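# Breakdown of the fold
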Amino acid sequence: MKNVSEPDSIFRKKGFFIALYSCLGVVAVLAVVVTLFSGSQDPYEQDPTAYVGYDQVDSYLIQAEEEAWFRPRPTPEPRPTPEPRPSPEPEAEVPPEPEPEPPAAPPPRVETFDPFTEEDRFVWPVYGEVIMPFSTTALIFDPTMDRFSTNDNIRIAALEGDPVRAGADGRIIDIGTDFWRGNYVTIDHGNGWATTLGQLMENVLVNEGEVVRAGQVIGGIGQPASSSSLNGTHVHLHITRDEVPVNPYEFLQAVYD
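The residue numbers shown here count from 1 along each chain, following its written sequence. Under the rules for a predicted model, residues below a pLDDT of 70 receive no local features and side-chain atom pairs below 80 are neither given nor counted, while totals for whole chains, interfaces and linings still include all residues. Where side-chain values are given, they derive from all heavy atoms of the structure, hydrogens and water being excluded.

## Some points on the nonpolar core
The test is simple: Buried residues of nine kinds, namely Ala, Val, Leu, Ile, Met, Phe, Trp, Tyr and Cys, make up a nonpolar core once their side-chain atoms join them within 4.5 Å. Buried, partly exposed and exposed residues are distinguished by accessible area as a fraction of the type maximum, computed with a 1.4 Å probe on protein chains only: under 20%, between the cut-offs, and over 50%, respectively. What counts as a helix is a DSSP run of H or I of at least four residues, what counts as a strand is a run of E of at least two, and both are numbered from the N terminus.
Formed by 27 residues in total, the largest nonpolar core has its most connected members in Phe122 and Val164. If you list the elements that add at least two residues to this core, you get β4 (154-157), β7 (182-190), β8 (193-200) and β11 (234-241).

## Looking at the packing of aromatic side chains
This is how the line gets drawn: Within 6.5 Å between ring centres, the rings of Phe, Tyr and Trp (the latter by its six-membered ring) count as paired, and their orientation is classed by plane angle as stacked under 30 degrees, edge-to-face over 60, tilted in between.
For the structure on display, the rule yields 6 aromatic pairs. Ring centres 5.1 Å apart and planes at 65 degrees place the aromatic pair Phe116 and Trp193 in the edge-to-face group. Of the two residues, Phe116 sits in the loop between α3 (54-70) and β1 (130-132) while Trp193 sits in strand β8, which places them 77 residues apart along the sequence. Summarising the burial analysis for this pair, Phe116 and Trp193 share the class buried. Ring centres 4.8 Å apart and planes at 65 degrees place the aromatic pair Trp193 and Phe251 in the edge-to-face group. Of this pair, Trp193 sits in strand β8 while Phe251 is found in the segment after β12 (244-246), placing the two residues 58 residues apart along the sequence.

## A look at the layout of surface pockets
Convention followed: Here the term cavity refers to a set of points on a 1 Å grid, laid over the protein atoms alone, in which a 1.4 Å probe fits but cannot get out; the term pocket refers to an open set having protein on both sides within 12 Å along at least five of seven lines, with lining residues being those that place an atom within 4 Å of a point. Grid points are joined across faces, edges and corners, and a volume is the space filled by probe spheres set on the points. Nonpolar residues are Ala, Val, Leu, Ile, Met, Phe, Trp, Tyr, Cys and Pro. Charged residues are Asp, Glu, Lys and Arg, and all others, Gly as well, are polar.
The calculated volume of the largest pocket comes to roughly 200 Å³. What lines the largest pocket is a set of 13 residues, and nearest its centre among them are Asn151, Asp152, Asn153, Arg155 and Trp180. At the level of elements, β3 (147-151) and β11 are the ones that each hand at least two residues to the lining of the largest pocket. When the residues that make up the lining of the largest pocket are grouped by side-chain class, the tally is 2 nonpolar, 6 polar and 5 charged.

And the structure:
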């Protein structure tokens, strides 16, 4: 006869293992849960000295700064007053170098001429008839003034506009107009010699201070002055030596001999 208690024992064995495995599973699940729960907790709660979180750094610094503010500070030792430095002596002023003077302009060239001598002869100012001679000792008739008088010049007839020439080298010393000579030019020939040429046109061709040469045209024949109007157009020739009138005939070139 077969034992009926065998299946029960087998079932009982299987049930035992099932219960064992179930307990082990529950224990494993609890261990995992405990581990997870323990890992999610902040270690600072278990050990406050474990670390300082980032959220506590700012508050810590603020607290440290407040404590430092109220903490008594040591009085700084006074710094020694630096001795004043002696002011540097002023440098001696160096006088500026004088600017070089510009080169002096060369003196104006003064044109010269050979002075007239007693052996020289004057060029005739115009070629024409002598209508009133030189006379300082004898009286001669003056038709314009209608009287007899002396005459310290000669008057040479010419046409209006005819050129009038310088008698010798010299320098123009006077240009003017007067009652007796009309428009005139005076030339200094050196050695005390001078000539005056009158009854000229108003606009002469020379200037005061200018050097002229013998035979150079200085102007033209003009209308005669009131004092010699009846002589017609002519040139008035007056020659002096040391301001004394001399006879032009004696010192003119021998053209009319």
